[in-house]
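Observations on the model geometry
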Amino acid sequence: MIEFFQVNKAYQLGKKSITALHTTDLQIPTGQIYGLIGHSGAGKSTLMRLINRLEEPSAGRIEVDGLDITQLDASGLRSFRRKVGMIFQHFNLLTSRSVADNVALPLRLAGELSKSEINKKVSDLLARVGLENHAKKYPAQLSGGEKQRVGIARALATDPSILLCDEATSALDPQTTGQVLELLAEINRDLGLTLVLITHEMDVVRRICDQVAVMDGGVIVEQGQVADVFLHPQHPTTKRFVYEAEQVNEDEQVQNLAEVEGRILRLTFQGQATYEPLLARVAYQTAIEFSIISGRIDRIQNAPYGQLTVAFKGEKLEEAMQMLAAAEVHLDVVRYEEGHHE
Amino acid sequence: MNNLLANVDWYEIWLASFETLMMLGGSLLFTVVLGLPLGVLLFLTGPKQMFDQKALYSVLSLITNILRSLPFIILLIVMIPFTVMITGTSLGVAGAIPPLVVGATPFFARLVETALREVDRGIIEATQAMGATTKQIIISALLPEARPGILAATTVTAITLVSYTAMAGVVGAGGLGDLAIRFGYQRFQTDVMVVTVVLLLVLVQLLQMVGDRLVVHYSRK
Ligand SMILES: Nc1ncnc2c1ncn2[C@@H]1O[C@H](COP(=O)(O)OP(=O)(O)OP(=O)(O)O)[C@@H](O)[C@H]1O
Ligand SMILES: [Mg+2]
């Protein structure tokens, strides 16, 4: 568990002080994939770099598994850092060392294993990330996706319990991004590592994160289970990220709705309900008419969900809504029909 | 052929070449041994670096700049008492090495500092995140990553030292420069002048070639 207690970080630039992280409390449970999303300059990297003390907090306390890391001395900090792997947007591999030597570096620096033990471990790690045939190459001879795999192998070398990923896929194409995310999810599953993952794409969050924190201006503006945040965003910043991912154009939607009669509802299905013929059943039983205005069916991590914007017309509208609610469909009224009185 | 080079005493030339190489080798060795740590120190204490130490950096920087702005010929003369103190003589190869080292070290240190600054900050950070000590960061990350730059700096310094050794000839250091001045200039033996200049040129070319090869060999970008 990573815990922030009233943590604050300000950078001193000459006489000016810039608060990159306003006083924050935060808990990241062990074994989770925790997403940090926000626009450029929101303070994501600052928050992440506090976890392995690449940045010193200006105030507050940070605990990892109950250990107050802000109190560690230099040597305590070094051994703590071995338990926290980190991967970067631009990989930060040593250009002068081969792939195998890059992965071996953290082990050499730690100085706990013999040469042959290191070699064994390095080939295991390279096999895990699918690069067993690239050991002797230099980073410059690899593609972006391969470089990030080396970065991942290197970060895992000292058997960390936390892996920090600062925009690890931002420099990669969509397909490679998918492969790297899959690898990260696999590592989280197999090794039980806690992953903290910075991104500015909601799609990355949707695919692999358990929880997400949305940051804006050095503040966590929204936080929770990915499904909740994704399907029912509250804060404007969160909404923007979600609509961006869903490719929803809000203005266009409002315009389209003006041409539609009846009560407009947004239905959110999760889990098994997603695949059931609920709408047809309800329409049949209550004799209401419906037309689907927009919708999407997809997955959050591995759980299916559907979100439909539907216009309903008919006498038994309230009854239909009750039936849907009873089937665990989440309902939001987007617009009431004309002449509706509450 | 022999008429064209009538004044050339090949034994003298061979001796002078040997002296030049000794001066170059000796001074380059000490320059690297002293300049590399100084360059690392300049880098580490520089603005926004790992050991940002404004006062220390300013002092080091000032000393380096003073030594670099001093014309080498002046340094040669000013250094004489100091040279006698450590080598027992201000003449010959031994007498030339201290001023050569003092002249070249600040130059080399600055080039090393620049080469280290070229190393991607992200690499230092990644190494820090592994739990490396500062010493480990310097030895395992900074220096290997900056190796092509440091090799290029060594090449430039060696070539600068070649021209310095020629100047050192003026104060009786021996070597090809000394030969050129004593015979070529003072006795108007143009052929001796030409031969020494050609030999110096060949030396510079060789140094540049070897240096470039090494830089390419260690560049993995
Ligand atoms: N070393 C520093 N010195 C001064 N200000 C800094 C420093 N690092 C970050 N900042 C400032 O702190 C704020 C947050 O920066 P941070 O790097 O955490 O943002 P981010 O969310 O990671 O952005 P990005 O998506 O661009 O990486 C920014 O306003 C930035 O200018
Ligand atoms: Mg960032």
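Cut-offs used in this document
Residues numbered from 1 in each chain as written. Chains lettered and ligands numbered in written order. Predicted model: local features only at pLDDT ≥ 70, side-chain atom pairs only at ≥ 80, totals over all residues. Heavy atoms only, no water. UniProt positions renumbered as here; feature names shortened; annotations may be inferred. Helix = DSSP H or I, 4+ residues; strand = E, 2+ residues; numbered from the N terminus. Contact = heavy atoms within 4.5 Å. Areas by Shrake-Rupley, 256 points an atom, 1.4 Å probe, with all protein chains shown as cover. Lys, Arg positive; Asp, Glu negative; His and termini not counted. Charge placed at Lys NZ, Arg CZ, Asp CG, Glu CD. 1 Å grid on protein atoms, 1.4 Å probe; cavity = no way out; pocket = protein on both sides within 12 Å on 5 of 7 lines; lining within 4 Å. Points joined across faces, edges and corners; volume = space filled by probe spheres on them. Pairing = 2+ DSSP bridges. Axes fitted to C-alpha atoms, helices over the stretch in contact; angles between N-to-C directions. Buried < 20%, exposed > 50% of the residue type's maximum accessible area, 1.4 Å probe, protein only. Phe/Tyr/Trp six-rings, centres within 6.5 Å; stacked < 30°, edge-to-face > 60°. Lys NZ or Arg CZ within 6 Å of the ring centre and 35° of its normal.

As recorded in an unreviewed UniProt entry, chain B goes by D-methionine ABC transporter and comes from Marinospirillum insulare. Here is the UniProt Subcellular location (unreviewed entry) comment for chain B, exactly as written: "Cell membrane". Regarding chain B, the UniProt comment filed under Sequence similarities (unreviewed entry) reads as follows: "Belongs to the binding-protein-dependent transport system permease family."

Chain A carries the name Methionine import ATP-binding protein MetN 2 in an unreviewed UniProt entry, which gives Marinospirillum insulare as its organism.

What about the overall build of chain B?
Counting its regular elements, chain B contains nine helices and zero strands. Secondary structure elements in chain B, listed N-terminal to C-terminal, are α-α-α-α-α-α-α-α-α. Expressed as lengths along the three principal axes of its C-alpha atoms, the size of chain B is roughly 70 × 40 × 25 Å. When contacts within chain B are restricted to residue pairs at least 6 apart in sequence, long-range pairs at least 24 apart make up 74% of them. In the form shown here, chain B has an accessible surface area of approximately 11400 Å², with 69% of it arising from carbon and sulfur atoms. In chain B, 13 side chains carry a positive charge and 12 a negative one; their mean positions are 9 Å apart.

What to know about the layout of surface pockets
Think of a ball as big as a water molecule: rolled over the atoms, this probe shows where empty space is left. Roughly 760 Å³ of internal volume is contained in the largest pocket. As for the largest pocket, its lining consists of 24 residues, and the residues nearest its centre are A:Leu54, B:Gln49, B:Met50, B:Arg121 and B:Gln128. Only strand S1 (2–13) and helix H2 (74–81) of chain A together with helix H6 (121–129) and helix H7 (134–168) of chain B provide two or more residues apiece to the lining of the largest pocket.

Some details on empty space enclosed by the protein
Summed over the entire model, instances satisfying the criterion amount to three cavities of 30 Å³ or more. By volume, the largest cavity is sized at about 130 Å³. What lines the largest cavity is a set of 14 residues, and nearest its centre among them are A:Gly85, A:Met86, A:Arg154, A:Ala155 and B:Met130. The leading source of residues in the lining of the largest cavity is strand S6 (residues 84–88) of chain A, at four residues.

A look at the UniProt feature "transmembrane region" (unreviewed entry) in chain B
Residues and elements named next belong to chain B. Under the UniProt annotation, the feature "transmembrane region" (unreviewed entry) is placed at residues 20–44, 56–80, 86–109, 150–172 and 192–211. Annotated as residues 56–80, this span is 88% helix and 0% strand, and its ends, taken at the C-alpha atoms, are 29 Å apart. With 83% helix and 0% strand, residues 150–172 has its two end C-alpha atoms placed 32 Å apart.

As for the sheet that holds S1(A)
All names here are of chain A. Pairing is antiparallel across the open sheet formed by four strands, whose spatial order is S2-S1-S4-S5. Since the sheet does not close on itself, it has two edges, and those belong to strand S2 (16–28) and strand S5 (67–68), each with one partner. Here strand S4 (residues 59–64) runs beside S5; their pairing, made up of two bridges, is antiparallel. Across the sheet, the residue bridging to Glu-63 is Asp-68, located in S5. Each of S1, S2 and S4 is contacted by helix H1 (residues 44–51), which is oriented at about 120° to S1, the strand it contacts most.

A short note on the UniProt feature "domain: ABC transmembrane type-1" (unreviewed entry) in chain B
UniProt records the feature "domain: ABC transmembrane type-1" (unreviewed entry) for residues 17–211 of chain B in the present numbering. Its end C-alpha atoms 20 Å apart, residues 17–211 of chain B is made of 84% helix and 0% strand.

A few points about the sheet that holds strand S7 (residues 162–166) of chain A
Residue and element names in this part refer to chain A. Pairing in this open sheet of six strands is mixed, and the strands run S6-S7-S8-S3-S9-S10 from one edge to the other. At either end of the open sheet lies a strand with only one pairing partner, and these are S6 and strand S10 (219–225). Sheet twist, expressed as the mean angle between neighbouring strand axes with direction ignored, is 15°. Here S6 pairs with S7 via five bridges, running parallel. The residue of S7 that forms the bridge with Met-86 is Leu-164. Docked against the sheet, helix H9 (residues 236–246) engages strand S3 (33–38), strand S9 (211–216) and S10, running at close to 115° with respect to S9.

Concerning the UniProt feature "domain: ABC transporter" (unreviewed entry) in chain A
Following the UniProt record, the feature "domain: ABC transporter" (unreviewed entry) maps to residues 2–242 of chain A here. A helix fraction of 39% and a strand fraction of 28% characterise residues 2–242 of chain A, whose end C-alpha atoms lie 26 Å from each other.

Remarks on unusual backbone geometry
The phi torsion at A:Arg53 lies on the positive side, around 55°, for a residue other than glycine. A:Arg53 gets classed as buried once you look at its relative accessible area, which sits at 10%. Phi is positive for B:Lys48, close to 65°, though the residue is something other than glycine. Inspection of the secondary structure puts B:Lys48 in the loop between helix H1 (10–45) and helix H2 (54–69). Taking relative accessible area as the criterion, B:Lys48 reaches 62% and is therefore assigned exposed.

A short note on the packing of aromatic side chains
On inspection of all chains with the given rule, the structure shows four aromatic pairs over all chains. Consider the rings of A:Phe230 and A:Tyr305, whose centres lie 6.0 Å apart with planes at 80°: the pair is edge-to-face. Pair noted here: A:Phe230 is in helix H8 (residues 226–231) and A:Tyr305 is in strand S13 (residues 303–313), with a separation of 75 residues, a long-range link. Take A:Phe230 and A:Tyr305: they sit in the same class, and that class is buried. Consider the rings of B:Phe72 and B:Tyr164, whose centres lie 4.1 Å apart with planes at 5°: the pair is stacked. You can see B:Phe72 sitting in helix H3 (residues 72–78) and its partner B:Tyr164 sitting in helix H7, a full 92 residues away along the chain. The two residues B:Phe72 and B:Tyr164 agree in class, both being buried. Cation over ring: A:Arg61 sits above A:Phe5, and NZ or CZ is 4.3 Å from the ring centre.

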